[in-house]
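# Fold and contact review
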Amino acid sequence: MRNHAALRPEAEALVFGSERLTYRDLDRRSNQVAQFLRDQGLRHEELVGIFMERSVDMIVSMVGILKAGGAYVPLDPKYPS
C-alpha cells in the first residue's frame, strides 16, 4: 500500500457504502491508530481485538494495528455472548 499511496495519494483506497477514503486518508488515519497503540505499549505481534461492525473504521483499525506491529483479532458483535 505504501508505494501505491505515495504514487497516487488521491486514488480511492477504500469504498464502503457511501464512505470513501483515499490512500492518503487511509495512511493518515491508520498512522494515528498505530501511534496510539505504540503509546499504549503494544508489543510486537501482540493481539488486539477489534469489536465493531464492518466499516471504514474497522479497516482503518486493522491497518493501524498491523502498522504498529500487532496482530488483530476480529470479534463479531453479533456473535452470542
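Before reading further, recall that the structure is shown in the block above.
Residues numbered from 1 in each chain as written. Predicted model: local features only at pLDDT ≥ 70, side-chain atom pairs only at ≥ 80, totals over all residues. Heavy atoms only, no water.

## A closer look at the overall build of the protein chain
Selection criterion: Helix and strand assignments come from DSSP, with helices taken as H or I runs of at least 4 residues and strands as E runs of at least 2, each series counted from the N terminus. Only protein chains enter the accessibility calculation, which uses a 1.4 Å probe. A residue is then buried if its area is under 20% of the maximum for its type, exposed if over 50%, and partly exposed in between.
The secondary structure content of the protein chain amounts to three helices and four strands. When its helices and strands are written in sequence order, the protein chain yields α-β-β-α-β-α-β. Taken along its principal axes, the extent of the C-alpha atoms in the protein chain is 40 × 30 × 15 Å. Buried positions account for 32% of the 81 residues belonging to the protein chain.

## Regarding the side chain of Ser61
Threshold: Here, residues are in contact when the closest pair of their heavy atoms is within 4.5 Å.
Tracing the backbone shows Ser61 in helix H3 (residues 56–67). Judged by relative accessible area, Ser61 falls into the buried class, the value being 15%. With residues near it in sequence (within four places) discarded, Ser61 still touches Val33, Ile50 and Met52.

## Structural notes on unusual backbone geometry
Its identity as a non-glycine residue notwithstanding, Glu45 has a phi of 65 degrees, on the positive side. Position of Glu45 among the secondary structure elements: in the loop between helix H2 (23–39) and strand E3 (47–51).

## Considering the packing of H2 against H3
This is how the line gets drawn: A fitted line through C-alpha atoms serves as each axis, taken over the contacting stretch for helices, and the angle formed by two N-to-C directions is quoted from 0 to 180°. Should an angle lie under 35 degrees it is considered roughly parallel, over 145 roughly antiparallel, and from 65 to 115 roughly perpendicular; all remaining angles are considered oblique. Less than a right angle of anticlockwise turn of the near helix away from the far helix marks a crossing as left-handed, whereas a clockwise turn marks it as right-handed. Gly is put with the polar residues, along with every residue not named as nonpolar or charged; the nonpolar set is Ala, Val, Leu, Ile, Met, Phe, Trp, Tyr, Cys and Pro, and the charged set is Asp, Glu, Lys and Arg.
Across the interface, H2 lies against H3 with an axial gap of 7 Å and an inter-helix angle of 55 degrees. With respect to H3, the element H2 is oriented oblique. Note on packing geometry: the crossing formed by H2 with H3 is right-handed. Residues Leu26, Asp27, Arg29, Ser30, Asn31, Val33, Ala34, Leu37 and Arg38 of H2 touch H3, and the partners they reach there are Val56, Asp57, Val60, Ser61, Val63, Gly64, Ile65 and Lys67. Its residues placed into classes, the contact of H2 with H3 shows eight nonpolar, four polar and five charged.

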